[in-house]
Amino acid sequence: DGGITQSPKYLFRKEGQNVTLSCEQNLNHDAMYWYRQDPGQGLRLIYYSQIVNDFQKGDIAEGYSVSREKKESFPLTVTSAQKNPTAFYLCASGNQPQHFGDGTRLSIL
Amino acid sequence: ILNVEQSPQSLHVQEGDSTNFTCSFPSSNFYALHWYRWETAKSPEALFVMTLNGDEKKKGRISATLNTKEGYSYLYIKGSQPEDSATYLCASLRDKVIFGPGTSLSVIP
């Protein structure tokens, strides 16, 4: 079945550590997105990519980095510069409409 | 309007009541307007993709209208049921997908 796979489902980060969230899609979509959701808030755009080897900052890109070396993959790295990384992270692909993964919940140890 | 806005922020209705909520979006450079339903512990799922001014879409008891000239869309739910309880997101597609903050609907049995 076609879809989007995010892993892991739960992730814990230690102080000063970088962690990488995986997002893979087999829907043949050019566009991929990363969102962050905090309790009681909507989706905030971190980074997006409309095509392989190109990506753009969203509204809250500071402390995050991405790569788009393959069409199927758009990993998100939460760096130690992100001081408040505890949140629910959603990956999506496509523009018309978007298809979402099941999310990764990141917590601080 | 520069961002995508939704109202009300939350809504509580009795089972059987009909309800509606609003999405406002920038009318310039409009390409498409999406509605999504986001149930607790699940990923957002697309309800409607709307592109033409005056468009009306319907799926069961849920329908939506679109006014691209003035930059708004309405989502209607007829005869609300407890299973309609969710957050309803709208998103505007221009050079990227931009989500509104959502309307949280609770249907009381």
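Here, every reference points to the structure presented above.
These lines cover the structure that appears in this document, whether it is placed above or below. (Residues numbered from 1 in each chain as written. Chains lettered and ligands numbered in written order. Predicted model: local features only at pLDDT ≥ 70, side-chain atom pairs only at ≥ 80, totals over all residues. Heavy atoms only, no water.)

## Examining the state of the cysteines
Evaluation of the coordinates by the stated rule reveals two disulfides over all chains. The disulfide partner of Cys-23 of chain A is Cys-91 of chain A, and the gap between their sulfur atoms is 1.9 Å. Given an S-S torsion of about -75°, the disulfide between Cys-23 of chain A and Cys-91 of chain A has left-handed geometry. Highlighted residues: Cys-23 of chain A in strand β3 (residues 19-25) and Cys-91 of chain A in strand β9 (residues 87-93), separated in sequence by 68 residues. In this structure Cys-91 of chain A comes out as buried when scored by relative accessible area, which is 0%. Disulfide pairing places Cys-23 of chain B opposite Cys-90 of chain B at an S-S distance of 2.0 Å. Taking the sign of the torsion about the S-S bond as the criterion, the disulfide between Cys-23 of chain B and Cys-90 of chain B, at about 80°, is right-handed. Of this pair, Cys-23 of chain B sits in strand β3 (residues 19-24) while Cys-90 of chain B sits in strand β9 (residues 86-93); the two residues are 67 residues apart in sequence, bridging distant segments of the chain. (Disulfide = S-S within 2.5 Å. Helix = DSSP H or I, 4+ residues; strand = E, 2+ residues; numbered from the N terminus. Buried < 20%, exposed > 50% of the residue type's maximum accessible area, 1.4 Å probe, protein only.)

## Quick look at the sheet that holds strand β8 (residues 76-78) of chain A
Residue and element names in this part refer to chain A. Read across the open sheet, the four strands follow the order β1-β3-β8-β7; overall the sheet is antiparallel. The outermost strands of the open sheet, each flanked by one partner alone, are β1 (4-7) and β7 (64-66). On average, each strand axis in the sheet is inclined to that of its neighbour by 20°, with strand direction left out of account. Relative to β8, β7 runs antiparallel, the two being bridged by three bridges. From the neighbouring strand, Tyr-64 faces β8, where its bridge partner is Val-78. (Pairing = 2+ DSSP bridges. Axes fitted to C-alpha atoms, helices over the stretch in contact; angles between N-to-C directions.)

## Observations regarding the interface of chain B and chain A
How big an interface is tends to be expressed through the accessible area that disappears when the partners come together. With 17 residues of chain B in contact, the opposing surface of chain A contributes 17 residues. Summed over both sides, the interface between chain B and chain A buries roughly 1,400 Å², with carbon and sulfur atoms accounting for 63% of that surface. For the chain B face of the interface with chain A, the top three residues by lost area are Trp-38, Lys-96 and Phe-99 of chain B, together amounting to 34%. On inspection of chain B and its partner chain A, the count reaches zero salt bridges. Seen at the junction of chain B and chain A, the total is seven residue pairs in polar contact (both at pLDDT 80 or more). Put simply, the parts of the chain that give the side of chain B that touches chain A at least two residues each are β4 (32-38), β5 (45-50), β9 and β10 (97-99) of chain B. Considering every element that reaches the side of chain B that touches chain A, the biggest residue donor is β4 of chain B, with four residues. Along the lines of polarity and charge, the residues of the side of chain B that touches chain A split into twelve nonpolar, three polar and two charged. (Contact = heavy atoms within 4.5 Å. Buried area = accessible area lost by both parts, 1.4 Å probe. Salt bridge = Lys/Arg side-chain N within 4 Å of Asp/Glu carboxyl O. Polar contact = N/O pair within 3.5 Å; in protein donor to acceptor, adjacent residues only side chain to side chain. Nonpolar A, V, L, I, M, F, W, Y, C, P; charged D, E, K, R; others polar.)

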